[in-house]
Amino acid sequence: MTKLNEAEAVALFGNRFLTEMAPSTAFPESGMRPLDALRLVGAELTMEGDPQRNLATFVTTWMEPEAQRIIAENLHRNFIDHAEYPISAEIEQRCVRMLADLFHAPGETTGCRTQGSSEAIMLGALSLKWKWRERRQAAKLSTDRPNLVFGGDVHVVWEKFCRYFDVEPRIVPLAENKYTIGPEDVAPHLDENTIGVAAVLGTTFTGHMDDIAGINELLLDVKKQRSLDIPLHVDGASGGFVWPFLYPDSKWDFRLEQVRSINVSGHKYGLVYPGIGWLIFREKADLAEDLVFYENYLGKTDSTFTLNFSTGAAMVLAQYYNFVRLGRGGYTYVMSQLQENARALAANLRESGRFEVIGDELEQLPLVAFRLSGKNNAYDESDIAWQLSAERGWMVPAYTLPPNAEKVKIMRALVKETMNREQVERLTEDIANACTTLDLKGGASQIEREKAKTGTGY
């Protein structure tokens, strides 16, 4: 029998990284076979969490095979190159027009795809600041103290915007049993330097919406009585693809006069893989002209107002696929199924006698926000999150709410397309079993708690 040397054995039977450490600190001197590279990366990823049991993330973790095929076949397209890929650019604008229609824009408008809602929010808020500056300069007034009003229920990107772009954040605190904001909260913070108010449609904390209609009425009164035209931006990162289909009569969008811009994440309930977001303006005049760059690049003069430049066209095309594949009827069906399963989970948790479900009687994202109902438990929500992860691999976050509701700790389970009714029942049983274990052994250790999921999701 001929004895093979190591190189021959690896080539014939397997991957040398079964017994060697993977490259991690220095650029490798030599390469490897495609199959070996595939096995190496695949073996690394087996240590990650299971997306099907990740109930913390809002981001889409499953798409139809046909959509996946569109994505795979278009990963090479650089979206910014409109001269070479004009159809991709046209499809982006089709999506913008469809979203403007979905959000009841009164006429011709403008908008763009972004790298998720974070970029959309940065751009939308920049436009608020620059339009405010235009108004102040026209009136020969100072422009050195801009402020932006929003609640403690916003995503951290709003505070990032204020820090990065030198705007004073006026943050409305929350309170126990008050997890969104309304006009009475906003009114004391408004003045001539307010560039706008940001309201949330579907918070990451409890899934509810700010009183957007009430804030709009407040801003109309301020406009009439104090001659301050303060625009309203709606952060619909999660809710922008939920409310039009589950609550079509709820007015939060361009049906309200002071709503001038809306952002939404296609990679959340828009049902597209990350990362794709959208920014839609009420009308073209709401986009600050100074944010638009006109340049001759790659053979064609283009206008752009995104923060990112080169990016793939695949997710834009995947979004368009979903729009034409599902339509209003399809999105309504999907969201209704998610809501039905969320209600089933909420009922199960409430009937267990262990938990209080938060606000499921209100308009809400397809999720369940809940907390322990007893005050004398030997463990808390963080312990349950840890035990549930350790026993069954579920990632269900436990976290405290923003100031002044930081004493309130809750858990939150998102319901997405990947969760069917059988899994709802399994999750219910696994939560009950985790609680039974904690009844016997007491709360988790501090080290265990630190490993539990605490973020409100992305």
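Residues numbered from 1 in each chain as written. Predicted model: local features only at pLDDT ≥ 70, side-chain atom pairs only at ≥ 80, totals over all residues. Heavy atoms only, no water.

A few points about empty space enclosed by the protein
Here the idea is plain: a probe the size of a water molecule rolls over the atoms and shows the empty space left.
So, step 1. A complete count under the given rule lists two cavities of 30 Å³ or more for this structure.
So, step 2. Considered as a void within the structure, the largest cavity measures approximately 90 Å³ in volume.
So, step 3. As for the largest cavity, its lining consists of Phe58, Thr60, Thr61, Trp62, Lys268, Tyr269, Leu271, Lys416, Glu417 and Thr418.
So, step 4. By volume, the second largest cavity is sized at about 30 Å³. (1 Å grid on protein atoms, 1.4 Å probe; cavity = no way out; pocket = protein on both sides within 12 Å on 5 of 7 lines; lining within 4 Å. Points joined across faces, edges and corners; volume = space filled by probe spheres on them.)

Remarks on the side chain of Gln387
So, step 1. Mapping Gln387 onto the fold places it in helix H11 (residues 381-392).
So, step 2. On the accessibility criterion, Gln387 (6% relative accessible area) is buried.
So, step 3. Reaching out from Gln387, the side chain makes a polar contact with the side chain of Lys441 at a distance of 3.0 Å.
So, step 4. Ignoring any residue separated from it by four or fewer positions in sequence, one finds Gln387 in contact with Ala434, Thr437, Leu438 and Lys441. (Helix = DSSP H or I, 4+ residues; strand = E, 2+ residues; numbered from the N terminus. Buried < 20%, exposed > 50% of the residue type's maximum accessible area, 1.4 Å probe, protein only. Polar contact = N/O pair within 3.5 Å; in protein donor to acceptor, adjacent residues only side chain to side chain. Contact = heavy atoms within 4.5 Å.)

Section: the packing of aromatic side chains
So, step 1. Summed over all chains, the structure comprises 12 aromatic pairs.
So, step 2. Consider the rings of Phe103 and Trp252, whose centres lie 5.4 Å apart with planes at 70°: the pair is edge-to-face. Highlighted residues: Phe103 in the loop between helix H4 (86-102) and strand E1 (111-114) and Trp252 in the loop between helix H9 (243-246) and strand E6 (259-265), separated in sequence by 149 residues.
So, step 3. By the ring-pair criterion, three or more aromatic residues cluster together here, those being Phe241, Phe245, Phe323 and Tyr331.
So, step 4. Arg113 extends its terminal NZ or CZ atom over the ring of Phe79, reaching a point 5.8 Å from the ring centre.
So, step 5. Taking the ring centre of Trp130 as reference, the NZ or CZ of Arg133 above it sits at 4.7 Å. (Phe/Tyr/Trp six-rings, centres within 6.5 Å; stacked < 30°, edge-to-face > 60°. Lys NZ or Arg CZ within 6 Å of the ring centre and 35° of its normal.)

A look at the state of the cysteines
So, step 1. In total, this model carries zero disulfides according to the counting rule given.
So, step 2. Distance from the sulfur of Cys95, which forms no disulfide, to the nearest cysteine sulfur (Cys112) is 12 Å.
So, step 3. On the accessibility criterion, Cys95 (0% relative accessible area) is buried. (Disulfide = S-S within 2.5 Å.)

Things to note about the environment of His233
So, step 1. Within the fold, His233 resides in strand E5 (residues 232-235).
So, step 2. The exposure class assigned to His233 is buried, which follows from its relative accessible area of 0%.
So, step 3. His233 sits 164 residues away from Arg69 along the chain, and the two C-alpha atoms are 35 Å apart.
So, step 4. If near-sequence neighbours (up to four positions away) are discounted, His233 is found in contact with Gly124, Leu128, Trp158, Val197, Ala198, Ala199, Ser261, Ile262, Asn263 and Leu279.
So, step 5. Engagement of the side chain of His233 in a polar contact is seen with the side chain of Ser261, the distance being 2.7 Å.

Some words on the packing of helix H5 (residues 116-138) against helix H6 (residues 157-164)
So, step 1. Remark: H5 packs on H6, axes separated minimally by 10 Å, with the N-to-C direction vectors making an angle of 50°. When the axis of H5 is compared with that of H6, the two are oblique. In the crossing of H5 with H6, the sense of the turn from one axis to the other is right-handed. On the side of H5, the interface is formed by Ser118, Ile121, Met122, Ala125 and Leu126, while H6 contributes Val157, Trp158, Lys160, Phe161 and Tyr164.
So, step 2. Looking at side-chain class alone, the contact of H5 with H6 contains eight nonpolar, one polar and one charged residues. (Axes fitted to C-alpha atoms, helices over the stretch in contact; angles between N-to-C directions. Parallel < 35°, antiparallel > 145°, perpendicular 65-115°, else oblique. Left-handed = near helix turned anticlockwise from the far one by under 90°. Nonpolar A, V, L, I, M, F, W, Y, C, P; charged D, E, K, R; others polar.)

Observations concerning the pattern of salt bridges
So, step 1. Per the stated rule, a full pass over the model turns up 26 salt bridges.
So, step 2. For Asp36, the salt bridge is made with Arg33, and the minimal N-O distance between the two is 2.9 Å.
So, step 3. Looking at Arg33, the relative accessible area reads 33%, which means it is partly exposed.
So, step 4. Ionic pairing is found between Glu176 and Arg371, a salt bridge with its closest N-O pair at 3.9 Å. Of this pair, Glu176 sits in the loop between strand E3 (168-172) and helix H7 (183-186) while Arg371 sits in strand E11 (residues 367-372), and the two are 195 residues apart along the sequence.
So, step 5. Glu176 gets classed as partly exposed once you look at its relative accessible area, which sits at 46%.
So, step 6. A network of salt bridges, in which partner residues are shared, links Glu90, Arg94 and Arg97. (Salt bridge = Lys/Arg side-chain N within 4 Å of Asp/Glu carboxyl O.)

It is worth stressing that arrangement in space is one thing and function is another; only the former is reported here.
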